[in-house]
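A look at the structure
For reference, the chains in residue letters:
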Protein chains: 2
Amino acid sequence: MSKNLTSRAEDYSKWYNELVVKADLAENSAVRGCMVIKPYGYAIWEKMQAELDRMFKETGHQNAYFPLLIPKSLFEAEEKNAEGFAKECAIVTHYRLQNDPDNPGKLRVDPDAKLEEELIVRPTSEAIIWNTYKGWIQSYRDLPLLINQWANVVRWEMRTRLFLRTAEFLWQEGHTAHETKAEAIQEAELMNNVYATFAENFMAIPVIKGVKSESERFAGAVETYCIEALMQDGKALQAGTSHFLGQNFAKAFDVKFTSKEGKQDYVWATSWGVSTRLMGALIMTHSDDKGLVLPPNLAPNQVVIVPIYKTDEQLEEISKIANLMMGDLRAKHISVKYDNRTTLRPGAKFAQHELQGVPLRIAIGPKDLENGTVEVARRDTLTKEVIALDNVTSTVENLMTEIQTALYTKALNFRDSHVTLVDTFDEFKNVLETKGGFISAHWDGTIETEAKIKEITKATIRCIPTDEVPENGICVYSGSSSKGRVLFAKAY
Amino acid sequence: MSKNLTSRAEDYSKWYNELVVKADLAENSAVRGCMVIKPYGYAIWEKMQAELDRMFKETGHQNAYFPLLIPKSLFEAEEKNAEGFAKECAIVTHYRLQNDPDNPGKLRVDPDAKLEEELIVRPTSEAIIWNTYKGWIQSYRDLPLLINQWANVVRWEMRTRLFLRTAEFLWQEGHTAHETKAEAIQEAELMNNVYATFAENFMAIPVIKGVKSESERFAGAVETYCIEALMQDGKALQAGTSHFLGQNFAKAFDVKFTSKEGKQDYVWATSWGVSTRLMGALIMTHSDDKGLVLPPNLAPNQVVIVPIYKTDEQLEEISKIANLMMGDLRAKHISVKYDNRTTLRPGAKFAQHELQGVPLRIAIGPKDLENGTVEVARRDTLTKEVIALDNVTSTVENLMTEIQTALYTKALNFRDSHVTLVDTFDEFKNVLETKGGFISAHWDGTIETEAKIKEITKATIRCIPTDEVPENGICVYSGSSSKGRVLFAKAY
Ligand SMILES: [Zn+2]
Ligand SMILES: [Zn+2]
């Protein structure tokens, strides 16, 4: 395994691409824009899924599964949503191949097997789900309906990057229905908070909660809540969104309910999702020029033990110690792997585990056998210490928490030092080009100004922060009046 | 909730369809042949997934994810596989919609967004996976490669039925690569055994292990191992298959490895899968005219507690008891739900839980409060008994095992009494039409005879059982010589 990564300073984008491939997380496939998620990458995604799924269930949601393919007529029903996704849809038009009479051994689309109505590979599932909810909701007794789906979706993106933007990606999409507007808004906020908690406690990524400006809103939403993270190159990454959909989909699909008082009304809706894009955020937030750095709470292997030996007797003795150690660590719910492969030398193993971000490496060599010690190396700080065998379990247990916290704190400090208040457009452009990060600036609230700023600087409004303090000011671009600052950044 | 199901005797097929819908397991969607898996049905599937996933990991497999869409040229590469699936493929030909100039507000396929090469929505993933493995396998050190994928697949079936045969279904597909033929065969057999163990221990379904005849083999396989179950109507259901693929895919995708001795050779392959079809098998094996019957090992709620009360004080007292009981049961890893909905009367709750197959119902009423008892009702036998509060935990714990075993034994007895040895074709036809089930008969081993028998009787060879005893005989149809009996049946 070649571990010479391009450094972040040299070429951040190249560093990322190389890291994803070399750490065995994912790779490009033969299908334009679609990735293969390799076992190590998928194992991290599985850990994310497990925690999110637990959090969704704890907040009262159930999983279900809806069709991959959406008839075009359903897709069209909510006009804004359809418009928002129409330009990047994979469309199924035929249902059969046949032998190609002109090319023996080859197949061609059977022209007689044309569908009467084209089917859209879901880019998001509001349409098919709300069409289904129509049959499920009659009365207030059927509400709230709190459903989540784990699924693949396809959006025909033109420029793709592993995890960050792929034509097919994996995600979860929650779709809920409520009696009242207030309850739906509360749900949208709740799920945005769930995402923030997950990002902070498991991914060790600090996020800013807020709402999107109109032009950045989900197609079909009344309000889009989001969490925004900051990557090491100073670009922002939208890590999750939660939409208050008002009655838009209920009206488009005619989903009404009878209230306790016997009145008929359209139901209120939310939808919310996070995707394998989170893998990109995780990688870019913590990793360094030596490779991946994983927070213990999401590492498939939290600890790896590497034996260093010359003789079979030494290996035997080391293995005995390693096995005892693993028993103790597993009893504390710490995942640990004994890397006793004979095909690789210790140095090569060290390099691989470093590249793959295993939080803690324990090496046991001949000297350790004599002294009753082991060497413990942290991936995040690259520091090592020799500790007594008796202290391994407690030390490792403490380090798991310590590393998780240290990664979060480091990311938080970086993020906090990269939120810059600016009051002039020159400053805006200057900070954006030199320092990067979030720019907190006054904005006049118009789509036109937002578009102009984007055109000139490529920065977009990432969010209007939830904890924004009302403050009168003048728009950094137009000079018109503003009631508060919003966060701009270049973004993934 | 209307609970009047058509009885099995009246119309088995109608009974099944009604049950799936009324028990809230799944329903047809707006997309031809595609189903919506409802939360209750999905919760059962999740339990299956969790156990299977654990078993796959315990046998050394890792999960990964490969693209949904397969370029036609890759799909064509393994000729037999392509031929086998070509006639039931959903084909993506375009990647963009546009506003329809003739129909304001409607969308149409953008004729300028035609793909250069069509993409097939995966009906199975051998092609894309083996094309990927080419890059992953160079040396014996890269082998074995033991990978599983949880995914959705699409097969354009013309006649569909909820869970049993749907255009889109959920499944897992294992794809492994090995150094030797023997090792690959061993893997294919191992995974067929894993499926059998899962079916028997969790689904409480006895299965017959065997291999398929040539004409029933997976397209592209050298040998197809399978597990076959028997439904209550006497029809067989293939519950899982595991394929030894020889070097067919390795040759089609040019996947070679360098052996320890430095020789180049094509790798040996297997693939194996089970799908949401298992839900159909589970439902049809155990359920009765009152609804679903679930084995405790797969029931989302193993126990439900229903309070019966007239006064608020009674409810309060009952709730106190229920909460203590739930604490005790959960400590024993028994899942339990307290059904204290105020919108339904106890009778309606009983009917719902019966319909939905909750293994055990505990009712607590005013008399129970006086006597320190509860009423425990078994779903499988529909028997009730009143037991002392003190004995609830141990009784429930024992009943979980007892019900699981009872369901398996009942299904096994039914299956065993429906395997009939026949030696003449008249007997064959007679047994098939009157008794149904598996028919153990001699077969001359030719595709022609198999086809003739299928044409005349609709019965197919379900498998050549693994535990078949060599026995010379004469083919039940052709009179030619035969070396052993095979199992015929009509099948789902
Ligand atoms: Zn900086
Ligand atoms: Zn019978």
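Above this text you will find the structure in question.
Residues numbered from 1 in each chain as written. Chains lettered and ligands numbered in written order. Predicted model: local features only at pLDDT ≥ 70, side-chain atom pairs only at ≥ 80, totals over all residues. Heavy atoms only, no water.

Examining unusual backbone geometry
In the segment running from A:Leu143 into A:Pro144, the intervening peptide bond is cis, with an omega of -5°. Mapped onto the elements of the fold, A:Pro144 is located in the loop between α5 (126-136) and β9 (145-154). Notably, A:Ala204 is not glycine yet its phi reads approximately 60°, a positive angle. Structurally, A:Ala204 can be placed in the loop between α6 (181-201) and β11 (208-211). For B:Phe163, which is not a glycine, the phi torsion comes out positive at approximately 70°. With respect to the helices and strands, the residue B:Phe163 is situated in the loop between β9 (145-154) and β10 (168-178). (Helix = DSSP H or I, 4+ residues; strand = E, 2+ residues; numbered from the N terminus.)

Looking at the sheet that holds strand β22 (residues 419-421) of chain B
Residue and element names in this part refer to chain B. One open sheet accounts for eleven strands, arranged β3-β9-β10-β16-β13-β12-β11-β24-β27-β23-β22; its pairing is mixed. Across the chains shown, the open sheet's two edge strands, defined by having one partner strand only, are β3 (62-63) and β22. Packed on one face of the sheet, helix α2 (residues 39-58) meets β3, β9, β10 and β16 (268-275) and runs near 160° to β9. (Pairing = 2+ DSSP bridges. Contact = heavy atoms within 4.5 Å. Axes fitted to C-alpha atoms, helices over the stretch in contact; angles between N-to-C directions.)

A closer look at the interface of chain B and chain A
Contacts between the two partners involve 63 residues from chain B, matched on the other side by 63 residues from chain A. Buried area between chain B and chain A, summed over both chains or domains, comes out near 5,300 Å², and the portion from carbon and sulfur atoms is 68%. Run the count over chain B and chain A and you get four salt bridges. The partner of B:Lys106 in a salt bridge is A:Glu76, with the nearest N and O atoms 3.9 Å apart. Seen at the junction of chain B and chain A, the total is 30 residue pairs in polar contact (both at pLDDT 80 or more). Bridge count for strand β5 (residues 91-94) of chain A against strand β5 (residues 91-94) of chain B is three bridges, and the pairing is antiparallel. Its bridge partner being in β5(B), A:Ile91 is matched across the sheet by B:His94. (Buried area = accessible area lost by both parts, 1.4 Å probe. Salt bridge = Lys/Arg side-chain N within 4 Å of Asp/Glu carboxyl O. Polar contact = N/O pair within 3.5 Å; in protein donor to acceptor, adjacent residues only side chain to side chain.)

Some remarks on the relation of the copies chain B and chain A
Take chain B, turn it by 180°, move it 0.0 Å along the axis, and it overlays chain A with an RMSD of 0.0 Å. On the angle and the small slide along the axis, the relation comes out as a two-fold axis. It is B:Val92 whose C-alpha, among those of chain B, lies nearest the rotation axis, at 2.1 Å. Both copies contact each other with a shared surface, as 100% of the interface residues of chain B are interface residues in chain A too. (Least-squares fit on C-alpha atoms with pLDDT ≥ 70 in both.)

Describing the sheet that holds strand β4 (residues 69-71) of chain A
The sheet built from six strands is open, its strands ordered β4(A)-β8(A)-β5(A)-β5(B)-β8(B)-β4(B) with antiparallel pairing. Of all the strands in the sheet, just β4 of chain A together with β4 (69-71) of chain B have a single pairing partner and so form its edges. Between one strand axis and the next, the sheet turns by 45° as a mean value, whatever way the strands run. Judged from the three bridges that link them, β5(A) and strand β8 (residues 114-121) of chain A form a sheet pairing that is antiparallel. Opposite A:Ile91, over in β8(A), you have A:Ile120 as the bridge partner.

Looking at the packing of α2(B) against helix α8 (residues 277-286) of chain B
A packed helix pair is summarised by two numbers, namely the angle formed by the two axes and the spacing between the axes. Residue and element names in this part refer to chain B. Their axes nearest at 11 Å, the elements α2 and α8 cross at an angle of 110°. If you check the angle between α2 and α8, you find them roughly perpendicular. The segment α2 lies against α8, with Gly-41, Ile-44, Trp-45, Met-48 and Leu-52 engaging Leu-278, Met-279 and Leu-282. Of the residues in the contact of α2 with α8, the class split is seven nonpolar, one polar and no charged. (Parallel < 35°, antiparallel > 145°, perpendicular 65-115°, else oblique. Nonpolar A, V, L, I, M, F, W, Y, C, P; charged D, E, K, R; others polar.)

Focus on helix α6 (residues 181-201) of chain B
Between its first and last C-alpha atoms α6(B) spans 30 Å; for 21 residues at 1.5 Å apiece the expected length is 30 Å, and the two agree. Residues of α6(B) that are buried include every one of B:Ala184, B:Glu187, B:Ala188, B:Met191, B:Asn192, B:Val194, B:Tyr195, B:Ala196, B:Phe198 and B:Ala199, and no others. (Expected span 1.5 Å × (residues − 1). Buried < 20%, exposed > 50% of the residue type's maximum accessible area, 1.4 Å probe, protein only.)

So, the packing of aromatic side chains
Under the definition given, this model contains 36 aromatic pairs over all chains. Between A:Phe56 and A:Tyr195, the aromatic rings sit 6.4 Å apart at their centres with planes inclined by 75°, giving edge-to-face as the arrangement. Here the residue A:Phe56 occupies a position in helix α2 (residues 39-58), and A:Tyr195 occupies one in helix α6, the gap between them amounting to 139 residues. Across this residue pair, the class does not change: A:Phe56 and A:Tyr195 are buried. Considering the side-chain rings of B:Phe244 and B:Trp268, the 6.1 Å spacing of their centres and the 10° angle between planes classify their relative orientation as stacked. Residue B:Phe244 is located in strand β13 (residues 236-246), and its partner B:Trp268 is located in strand β16; the two are separated by 24 residues in the primary sequence. Residue B:Phe244 shares its accessibility class with B:Trp268, and that shared class is buried. Members of the aromatic cluster, connected to one another through ring pairs, are A:Trp45, A:Phe56, A:Trp150, A:Tyr195 and A:Trp272. (Phe/Tyr/Trp six-rings, centres within 6.5 Å; stacked < 30°, edge-to-face > 60°.)

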